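Listed here are the chains, written in short residue letters.
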Amino acid sequence: MLLWLPLAFLIVALLGSLGWAALGGWRLWLAFRGVSDRLVEATGRVVEAGLKAEERATSLSANGERLAGAVEHLQASLERLAVIRAAVAESASAFGSLRSNVPRK
């Protein structure tokens, strides 16, 4: 009888320790799986953000080409405006010289 009591205590202690270790391992596995799932989700969001950034960059380069064309058109329009202003200034000076010859009241 004296031998059976320590043997029973040893068995209970071993089974309790194994159960405690198994429970800790199970909790560790659940935590690892949760972190892994969140990491996969975060990586997916980063990839999506990268793809959106790439689309925006492509859009900006296309809009940049449109902008360059618009700037060229604006420069041509400004050159035409300068020619028209010069013509108006020339005709105004000619009209001013004619007006100086007309008597006033």
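This write-up is about the structure you can find in this document.

With that settled, consider the overall build of the protein chain. Looking only at helices and strands, the protein chain has one helix and zero strands in total. The C-alpha atoms of the protein chain give 44 Å as radius of gyration, which overshoots the globular expectation for 105 residues (13 Å, by more than 25%). Projected onto the principal axes, the alpha-carbon positions of the protein chain cover approximately 145 × 30 × 10 Å. Here the protein chain holds 105 residues, and the buried ones make up 0% of them.

This part takes up a nonpolar patch on the surface. Where nonpolar side chains cluster on the molecular surface, the patch consists of Trp4, Leu7, Leu10, Ile11, Leu14, Leu15 and Leu18 and spans about 750 Å² of accessible area. Along the chain, Leu18 turns up in helix H1 (residues 4-101).

Following the sequence through the fold, Gly16 ends up in helix H1. Assessed through its relative accessible area of 40%, Gly16 is described here as partly exposed. Separated by 40 residues in the primary sequence, Gly16 and Arg56 place their C-alpha atoms 60 Å from one another.

All right, on to the environment of Ser17 then. Mapped onto the elements of the fold, Ser17 is located in helix H1. What makes Ser17 partly exposed here is its relative accessible area of 46%.

Rules of the game
- Residues numbered from 1 in each chain as written.
- Predicted model: local features only at pLDDT ≥ 70, side-chain atom pairs only at ≥ 80, totals over all residues.
- Heavy atoms only, no water.
- Helix = DSSP H or I, 4+ residues; strand = E, 2+ residues; numbered from the N terminus.
- Rg over C-alpha atoms; globule rule 2.2 N^0.38 Å.
- Buried < 20%, exposed > 50% of the residue type's maximum accessible area, 1.4 Å probe, protein only.
- Patch = residues over 30% accessible without salt bridge, like charges linked within 9 Å, V, L, I, M, F, W, Y side chains within 5 Å.
- Areas by Shrake-Rupley, 256 points an atom, 1.4 Å probe, with all protein chains shown as cover.
- Salt bridge = Lys/Arg side-chain N within 4 Å of Asp/Glu carboxyl O.

Take it as geometry only, folks, not as evidence of what the structure does.
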